[in-house]
Number of protein chains: 2
Amino acid sequence: MAHEPGAPLRVALLGCGVVGSAVARMLVEQADDLAARAGARLEIVGIAVRRPQRPRPDVPVDPALFTADAEELVTRADVVIEVIGGIDPARALILRAMEHGASVVSANKALLAEDGPTLYDTAARYGVDLYYEAAVAGAIPILRPIQESLAGDHVRKVMGIVNGTTNFVLDAMDVSGAGFAETVAQAQALGYAEADPTADIEGFDAAAKAAILASLAFHTRVSAADVHREGITEVTAADIRAARENDCVVKLLAICERVTADGTDAVSVRVHPAMVPRSHPLASVREAFNAVFVESAAAGELMFYGRGAGGDPTASAVLGDVVAVARHRVAGGRGPGESAYADLPVVDMGQAVTRYHISLDVADRPGVLAQVAAAFADHGVSIETVRQQAVAGEGERAKLIVVTHRASDAALSATVSALGSLDAVDDVASVMRVEGA
Amino acid sequence: MAHEPGAPLRVALLGCGVVGSAVARMLVEQADDLAARAGARLEIVGIAVRRPQRPRPDVPVDPALFTADAEELVTRADVVIEVIGGIDPARALILRAMEHGASVVSANKALLAEDGPTLYDTAARYGVDLYYEAAVAGAIPILRPIQESLAGDHVRKVMGIVNGTTNFVLDAMDVSGAGFAETVAQAQALGYAEADPTADIEGFDAAAKAAILASLAFHTRVSAADVHREGITEVTAADIRAARENDCVVKLLAICERVTADGTDAVSVRVHPAMVPRSHPLASVREAFNAVFVESAAAGELMFYGRGAGGDPTASAVLGDVVAVARHRVAGGRGPGESAYADLPVVDMGQAVTRYHISLDVADRPGVLAQVAAAFADHGVSIETVRQQAVAGEGERAKLIVVTHRASDAALSATVSALGSLDAVDDVASVMRVEGA
Ligand SMILES: NC(=O)c1ccc[n+]([C@@H]2O[C@H](COP(=O)([O-])OP(=O)(O)OC[C@H]3O[C@@H](n4cnc5c(N)ncnc54)[C@H](OP(=O)(O)O)[C@@H]3O)[C@@H](O)[C@H]2O)c1
Ligand SMILES: NC(=O)c1ccc[n+]([C@@H]2O[C@H](COP(=O)([O-])OP(=O)(O)OC[C@H]3O[C@@H](n4cnc5c(N)ncnc54)[C@H](OP(=O)(O)O)[C@@H]3O)[C@@H](O)[C@H]2O)c1
């Protein structure tokens, strides 16, 4: 596999959709710059797609390069770029490429989060690179900074807005005051949400990214199945209003955090909507933008902001990785492989600790606040603030808004059940975690 | 220089001040994590300082490791960390370390901006690494993202708040309305400005960082001497007020930009105060924080935010580099090396193109606006908006506030001279560039 000086590197592209077509175009249009930076010309030797006959006028390559035979293609490349997506056949193709000595660049968060270790093991066995910067937060350089720039530091928390669709929806709800279903329909009309938006709005996409971020930040294997996941389908206009009254916005966050559980180091990895104070840098991430906030022992607070998706932005991240793996083919060396030495346990959501914002519809009579406060105290949840609002036109009803200090999710759930069974409480109208305060 | 498996790597630390003492502490306290990440234990073999006898209770190492003989120390290390600062003896020590086969990590922006190519050439000759992430924007991973993550993209502009002292001063002036001298004194009292603040407030520090950023972003040698530099000493409370009225803040920016000059590609590299709209992500960078905004063809807009200085944050960046170069010693390979193939010319400030905000004190009588407008038109500077304000209590005087479209600095300077000689203009009260609109 030694590279012959002056020879081009053979690049195989798997997939030529939104991301792949941008990658192909940039490989052609920026060929000279890429060659100067990588140390060798990058020559596309084939592009595997489902429909090789389909005209692709925006991809400036010889149509003879398109093939339906991805399995054959990966055996004759130095660098394989996988932008098909999904688990199969992407996984088998990547493994086969590595077995034939190719380094791999992928944008496939679903696969990395489901079965990263198999890919890493195979890369190590065959001495090739596996890079996937594009898999998390699109164009934003975030994996390389966590994995390499912060390699001498101790990362405490990674908290990101890593799904553009849900951020677009929540931001639009905040601006318009509209409800969830209506806003999703509008996002679909504008192309910000897919026809079947499940992977985004149920938090599956963010959970895959959380697993990848946690693995790198904490040197521990974390898969999508380890991630506690709540989407945004239950976020109501009332929640957004409540957040606004609390000087917060609602964001879907992917949170990876070091915690202490039963006296030992562990990690909590979760995706859920949360209120974020408007003064926090993540609060000003609007529309479909992404941002990742990192807190580490020595560096302190860092934030990375940019476009989380789209053909060109994602292709930028893919090609940065392609230059890195190509440089290694030419000049020797390999990127940092898997680092899972810390092997920390992942705690249940019940052990995750955060603050909560709870709105209750209650009877407006003496003694109610005392009952409510007792329910919190009974479960060891300490209250930071309580605000009582009379409900206009309903003399006997009031709203109680409680913000807690940090408490475990288990204690909070038990508190909410207890509140629900109090006579004086008509309804637990909204419960939302508060992050970044 | 092949690394023997299992053997520790010998680390020499040059300098043990603000940054060096944090580096030494982290090398000791995080030794196990660093070993797991680098692939070998990192053993401090010596710490060179001016005063080796001085007690350093916050540095948990054997006092016998301190030495005044840096020249000898660098000959017996695999990795040399240079955190002395300044040009001499830092340069000679780094070169000597490389000649003896050591890889080098430095935080020395002054040296890199003055003589980076010599260092790079020597690193290449001896096959060693030269890393310096800490030299720009402290803890913020910015060099690795530009050099590696964006290696497949086409960077158009890098615009950063890279000096914490000046940002602290300008932010405090914005909040308090106070003048420059008073605010600098306050920053000194709080430890945000040095006793001799020249390097910061005159823009020398930012200019060194601009040169480094431009070199990496544009694959072109740019040294500090190529950077147009204006500090913040002439920024007045009136300028800050004018910015505020224009819904802007004043920031000292390091700007590296691709331009077209005389029909060919070139770069403009400059440091100067500028008005930035409050809606721009850089506007919300408060106090001594740093942030770098990057615009590239495919990735679009990215921002990186965090702490630009301080012992621990800077040590975080240094140690990330140490792990990278240590990994290369253990596993083979080298970092990216100098890339200056594009070799673009650096244009004079006169050819830099931006927008301007100009306040004029004028006579309040018919025809003045026409005269002023003519002065702009004569020099080919086109006006975006003009606002006229009566000056309270001075019936015959008014203020004209002009914001231009993009124009060259040369055309603007000529316009300002012409304005100054108009009868109707009493004073050109403030001229400031506008960026990020
Ligand atoms: N889109 C984004 O903004 C974005 C952002 C970050 C990461 N990603 C990731 O990037 C990857 C690609 O996403 P995308 O949006 O570009 O997907 P896409 O537009 O659906 O494109 C998929 C491509 O794969 C080809 N393909 C599908 N099945 C195949 C098979 N069995 N063999 C060979 N080729 C096959 C398709 O061929 P045809 O063209 O013939 O249908 C198409 O060219 C996914 O992992 C995604 O998660 C995407
Ligand atoms: N401070 C920051 O926040 C920051 C941020 C980013 C980058 N940097 C860069 O990091 C570098 C170090 O900055 P610093 O703030 O740590 O400086 P510092 O506190 O002044 O420390 C300088 C150290 O170098 C030693 N030294 C000076 N001359 C020497 C010589 N000729 N031989 C051997 N040792 C010598 C000093 O020894 P003694 O202890 O005996 O005096 C001291 O330990 C500079 O390049 C700076 O630009 C600093």
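Conventions adopted
- Residues numbered from 1 in each chain as written.
- Chains lettered and ligands numbered in written order.
- Predicted model: local features only at pLDDT ≥ 70, side-chain atom pairs only at ≥ 80, totals over all residues.
- Heavy atoms only, no water.
- UniProt positions renumbered as here; feature names shortened; annotations may be inferred.
- Least-squares fit on C-alpha atoms with pLDDT ≥ 70 in both.
- Phe/Tyr/Trp six-rings, centres within 6.5 Å; stacked < 30°, edge-to-face > 60°.
- Helix = DSSP H or I, 4+ residues; strand = E, 2+ residues; numbered from the N terminus.
- Lys NZ or Arg CZ within 6 Å of the ring centre and 35° of its normal.
- Near = heavy atom within 4 Å.
- Polar contact = N/O pair within 3.5 Å; in protein donor to acceptor, adjacent residues only side chain to side chain.
- Areas by Shrake-Rupley, 256 points an atom, 1.4 Å probe, with all protein chains shown as cover.
- Nonpolar A, V, L, I, M, F, W, Y, C, P; charged D, E, K, R; others polar.
- Salt bridge = Lys/Arg side-chain N within 4 Å of Asp/Glu carboxyl O.
- Buried < 20%, exposed > 50% of the residue type's maximum accessible area, 1.4 Å probe, protein only.
- Contact = heavy atoms within 4.5 Å.
- Pairing = 2+ DSSP bridges.
- Axes fitted to C-alpha atoms, helices over the stretch in contact; angles between N-to-C directions.
- Parallel < 35°, antiparallel > 145°, perpendicular 65-115°, else oblique.

- Under an unreviewed UniProt entry, the name given to chain A is Homoserine dehydrogenase, and the source organism is Phycicoccus duodecadis.
- According to UniProt, the comment filed for chain A under the heading Function (unreviewed entry) is "Catalyzes the conversion of L-aspartate-beta-semialdehyde (L-Asa) to L-homoserine (L-Hse), the third step in the biosynthesis of threonine and methionine from aspartate."
- We quote the UniProt Sequence similarities (unreviewed entry) comment for chain A here in full: "Belongs to the homoserine dehydrogenase family."

**Topic: the relation of the copies chain A and chain B**
Step number 1: Overlaying chain A with chain B gives an RMSD of 0.1 Å, the required rotation being 180° about an axis along which the chain moves by 0.0 Å. A rotation of that kind, with that shift, is consistent with a two-fold axis. Residues of chain A ranked by C-alpha distance from the rotation axis are headed by glycine 333 of chain A, positioned 1.8 Å from it.

**A look at the packing of aromatic side chains**
Two measures describe an aromatic ring pair: the distance that separates the ring centres and the angle between the ring planes.
All names here are of chain A.
Step number 1: As enumerated under the stated definition, the model contains seven aromatic pairs over all chains in all.
Step number 2: When the centroid spacing of 6.2 Å and the interplanar angle of 70° are considered together, the rings of tyrosine 120 and tyrosine 132 count as edge-to-face. Placement of the pair is tyrosine 120 in helix 5 (residues 109-126) and tyrosine 132 in the loop between strand 6 (130-131) and helix 6 (143-149), with a sequence separation of twelve residues.
Step number 3: In this structure, arginine 229 packs its charged tip against the face of phenylalanine 204, placed 3.8 Å from the ring centre.

**Quick notes on the site of ligand 2**
Residue and element names in this part refer to chain B.
Step number 1: Close contacts around ligand 2 come from 21 residues, with Cys16, Arg50, Arg51, Arg56 and Gly310 the closest.
Step number 2: The side chain of arginine 51 places a nitrogen or oxygen atom 2.6 Å from an oxygen atom of ligand 2.
Step number 3: Protein chains bury 79% of the 910 Å² of accessible surface belonging to ligand 2 in isolation.
Step number 4: Classifying every residue of the shell around ligand 2 by side-chain character gives eleven nonpolar, six polar and four charged.

**Notes on the UniProt feature "domain: ACT" (unreviewed entry) in chain A**
Step number 1: The feature "domain: ACT" (unreviewed entry), as annotated in UniProt, sits at residues 357-433 of chain A in this numbering.
Step number 2: In the segment residues 357-433 of chain A, helix accounts for 30% and strand for 44%; the C-alpha atoms at its two ends are 6 Å apart.

**Digging into the pattern of salt bridges**
Step number 1: Counting across every chain of the model gives 49 salt bridges over all chains.
Step number 2: Residue arginine 144 of chain B pairs with glutamate 148 of chain A through a salt bridge whose shortest N-O separation is 3.6 Å. In this pair, arginine 144 of chain B is assigned in helix 6 (residues 143-149) and glutamate 148 of chain A in helix 6, connecting two distinct chains.
Step number 3: Residue classification places glutamate 148 of chain A among the buried positions, given a relative accessible area of 12%.
Step number 4: Here aspartate 312 of chain B ties to arginine 25 of chain B by a salt bridge, and the two come within 2.7 Å at their closest N and O atoms.

**Quick look at the interface of chain A and chain B**
Step number 1: With 42 residues of chain A at the contact, the number on the chain B side is 42 residues.
Step number 2: Applying the counting rule to chain A against chain B returns two salt bridges.
Step number 3: At the boundary of chain A with chain B, the tally comes to 18 residue pairs in polar contact (both at pLDDT 80 or more).
Step number 4: Looking at the side of chain A that touches chain B, the elements that each hand over two or more residues are helix 2 (31-38), helix 6, strand 12 (300-307) and helix 12 (311-331) of chain A.
Step number 5: Direction of pairing for strand 12 of chain A relative to strand 12 (residues 300-307) of chain B: antiparallel, over a ladder of three bridges. Looking across to strand 12 of chain B, one finds that phenylalanine 304 of chain A is bridged to phenylalanine 304 of chain B.

**A few points about the packing of helix 7 (residues 164-176) of chain A against helix 11 (residues 237-245) of chain A**
Residues and elements named next belong to chain A.
Step number 1: As a packed pair, helix 7 and helix 11 sit with axes 10 Å apart at the nearest point and diverge in direction by 70°. Taken together, the axes of helix 7 and helix 11 are roughly perpendicular relative to one another. Where helix 7 abuts helix 11, its residues Leu170, Met173, Asp174 and Val175 lie against Ala237, Ile240 and Arg244.
Step number 2: Of the residues assigned to the contact of helix 7 with helix 11, the class counts are five nonpolar, no polar and two charged.

**A few points about the sheet that holds strand 2 (residues 42-48) of chain B**
All names here are of chain B.
Step number 1: A sheet is described by the order of its strands in space; here six strands give the open sequence 3-2-1-4-5-6, paired in parallel fashion. Across the chains shown, the open sheet's two edge strands, defined by having one partner strand only, are strand 3 (66-67) and strand 6 (130-131).
Step number 2: With respect to the sheet, helix 1 (residues 18-29) is in contact with strand 1 (9-14), strand 2 and strand 4 (79-82), its orientation differing from that of strand 2 by roughly 155°.
Step number 3: Across the sheet, helix 4 (residues 90-99) is in contact with strand 1, strand 4, strand 5 (103-106) and strand 6; its angle to strand 5 comes to roughly 155°.

**Thoughts on the site of ligand 1**
Residue and element names in this part refer to chain A.
Step number 1: With respect to spatial proximity, 21 residues lie near ligand 1, and among them Cys16, Arg50, Arg51, Arg56 and Gly310 are the closest.
Step number 2: In the environment of ligand 1, an oxygen atom lies 3.1 Å from a nitrogen or oxygen atom belonging to the backbone of glycine 17.
Step number 3: The side chain of arginine 50 places a nitrogen or oxygen atom 2.8 Å from an oxygen atom of ligand 1.
Step number 4: Protein chains shield 79% of the accessible area of ligand 1, which is 900 Å² for the free molecule.
Step number 5: Of the residues belonging to the shell around ligand 1, the class tally is eleven nonpolar, six polar and four charged.

**Things to note about the sheet that holds strand 1 (residues 9-14) of chain A**
Residues and elements named next belong to chain A.
Step number 1: Strand order across the open sheet formed by six strands is 3-2-1-4-5-6, with parallel pairing between neighbours. Strands with a single pairing partner mark the edges of an open sheet, and in this sheet they are strand 3 (66-67) and strand 6.
Step number 2: Bridge count between strand 4 (residues 79-82) and strand 5 (residues 103-106): four bridges; the pairing is parallel. Across the sheet, the residue bridging to glutamate 82 is serine 106, located in strand 5.

**Some details on the packing of helix 5 (residues 109-126) of chain B against helix 10 (residues 204-218) of chain B**
Residue and element names in this part refer to chain B.
Step number 1: Viewed as axis vectors pointing N to C, helix 5 and helix 10 meet at an angle of 35°, and their least axial separation amounts to 7 Å. Contacts between helix 5 and helix 10 involve Lys109, Ala110, Leu112, Ala113 and Tyr120 on the former and, on the latter, Asp205, Ala208, Lys209, Ala211, Ile212 and Leu216.
Step number 2: Of the residues belonging to the contact of helix 5 with helix 10, the class tally is eight nonpolar, no polar and three charged.

**A word on unusual backbone geometry**
Step number 1: Following aspartate 88 of chain A, the chain continues into proline 89 of chain A via a peptide bond in cis, with omega recorded as 5°.
Step number 2: On the secondary structure map, proline 89 of chain A appears in the loop between strand 4 and helix 4 (90-99).
Step number 3: Here the phi dihedral of alanine 137 of chain B falls at roughly 60°; this positive angle occurs in a residue that is not glycine.
Step number 4: Inspection of the secondary structure puts alanine 137 of chain B in the loop between strand 6 and helix 6.

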